Every structure is written in C-alpha cells, then in structure tokens.
Amino acid sequence: MNDASTSPASVSLSAMQDLTGVAAEATGRAWPTRVLLIVVASGVLLVAPIALHEAIHVFVAFTTGVSPSAMDIGFVGVYPGVEINDPLDGWRLSLFHYSGGLVAGGAMLYLYIRWYWKWSGNKTTLEEWWLGALILITAGNEIGNGIAEGAFNAEYIANQEPASLISLVATVGGFLVHRIMLGSRGARLAVMRGEIGDRN
C-alpha cells in the first residue's frame, strides 16, 4: 500500500499571469497582420468585381459576334468601360448591357454565401463582420449596376437618375441584407468583449 499522499495540482498566480501576458502579446502581434490582410482583401474585393464586370461585357460581345476591332476598351472618368462600334440588335444589346453587373454581382453573392458564411462561423470579429458587409455591399452595387445599365443605359453612362438611384438602393440593400443575416453579432462581440483578432 502506498502511504504517500498526492497533493492536488496547482498553478501559481504569477504563472497564470505570465501565461495571460504571453497570450495577449501573441494576440497583439496577430492583430496588425489580420488588419493588413483585411485591408488587402478589401482592395481586392473593390477592384475584382469591376474587372469581372468589364470582362463579362467583352466575353458577351465576342460570343454574340462582335469583332475585336469593333470594341473600344477605355475609361469613363475613373471607371473602365467597353464600347461597341458595331450595331447590336435588341436581345444582343440587352444581353451585353445587363450581363456585366448581374454576373459580377452574382459572383460576389456566391462568394458571400459559399465562403464567407463558412469561414466566419460563429466567431465573427469586428473586421470580419465588415469584410462580409463589404462583400455584400459590392454584390448589391454590381447587381444594381447591371439592372441600371440594362434598363437605363444612357442614364447609367451619364451617372444620372434613375440609374444612379437604382445602384445606390441596391448598394444599401446589400448592407441591410448582411445586417439582417448576421445581425450585429460580430460588431457587438468585438467591441464589448474585446474579441478583435481573437478566433480561439
């Protein structure tokens, strides 16, 4: 029989404080990296849909029989644009006008549903919540642009109403859908519980 008594496991308060300090230091180092990644991702999310929008216009023009020499790719202000010098009939012209924004917006919506929901899970931090908002805002903007460009092409090019209003409403709608789908859980947790950058 073993008479030696075993003492309960214990951890000193100073050791616990040291561990907390190490965890806080690691989180402090990880936070700037996460913010940098969010900034880079945000830049990509703002540029990629515009490039996809115009690429779809070019693709549709090619597939409907427009020759490359009849296309002018340039800028309208700061925005890229594709102009076709060949006359297009009704359905081909409508397809050309509607396609860019609707496909780019649909791609962003797919990204939001298939990637963002799975990636963010139930530990959405403040910056991740806003990344999701940016994805859906961009999706709404592109879908609105597709509708405005197709239905009110002259006004869309001139950035006049009702085309600009359609784009604005769709953009705000994208944010509101994100807000309804995820609520303010991420923002609330990040601000009230200090979970910015913490995915443990």
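Position numbers for residues start from 1 in each chain and track the written sequence from start to end. In view of the model being predicted, local features appear only for residues whose pLDDT reaches at least 70, and side-chain atom pairs are presented and counted only at 80 or more, with totals across whole chains, interfaces and linings using the full set of residues. Note that the side-chain values use all heavy atoms of the structure and ignore hydrogens as well as water.

Asks: Just to check I follow, could you spell out the packing of aromatic side chains for this structure?
Replies: What describes a pair of aromatic rings is the distance from one ring centre to the other and the angle between the planes of the rings. Only Phe, Tyr and Trp rings take part, Trp by its six-membered ring, and two of them pair if their centres are within 6.5 Å. Stacked means planes under 30 degrees apart, edge-to-face means over 60, and tilted covers everything else. Taken as a whole and judged by the stated rule, the model has one aromatic pair. Ring geometry for tryptophan 130 against phenylalanine 175: centres 5.8 Å apart, planes inclined by 20 degrees, an arrangement best described as stacked. With tryptophan 130 in helix α3 (residues 126-151) and phenylalanine 175 in helix α5 (residues 163-182), this pair connects stretches of sequence that are 45 residues apart. Numbered from the N terminus, helices here are DSSP runs of H or I no shorter than four residues, and strands are runs of E no shorter than two.

Asks: Would you mind going over the side chain of glutamate 54 with me for this structure?
Replies: Mapped onto the elements of the fold, glutamate 54 is located in helix α1 (residues 13-63). Contacts are assigned to residue pairs with any non-hydrogen atoms lying within 4.5 Å of each other. When sequence neighbours within four positions are dropped, the list of residues in contact with glutamate 54 reads Pro80, Gly81 and Val82.

Asks: Looking at this structure, how should I read the packing of α3 against α5?
Replies: Relative placement of two packed helices is described by the angle separating their axes and the distance separating the axes. Note on geometry: axes are lines fitted to C-alpha atoms, helical ones only across the stretch in contact, with angles between N-to-C directions running from 0 to 180 degrees. It is the contact of α3 with α5, at a shortest axis distance of 7 Å, that shows an interaxial angle of 150 degrees. By crossing handedness, the relation of α3 to α5 is classed as right-handed. Listed contacts from α5 to Trp129, Trp130, Gly132, Ala133, Leu136, Ile137, Gly140, Asn141, Gly144, Asn145, Ile147 and Ala148 of α3 are Ala163, Ile166, Ser167, Ala170, Thr171, Gly174, Phe175, Val177, His178, Arg179 and Leu182. We call Asp, Glu, Lys and Arg charged. Ala, Val, Leu, Ile, Met, Phe, Trp, Tyr, Cys and Pro are nonpolar, and the rest, Gly among them, are polar. Of the residues that constitute the contact of α3 with α5, the class distribution is 13 nonpolar, nine polar and one charged. By the definition used in this description, the sense in which the near helix is turned from the far one sets the handedness, with an anticlockwise turn below a right angle giving left-handed and a clockwise turn giving right-handed.

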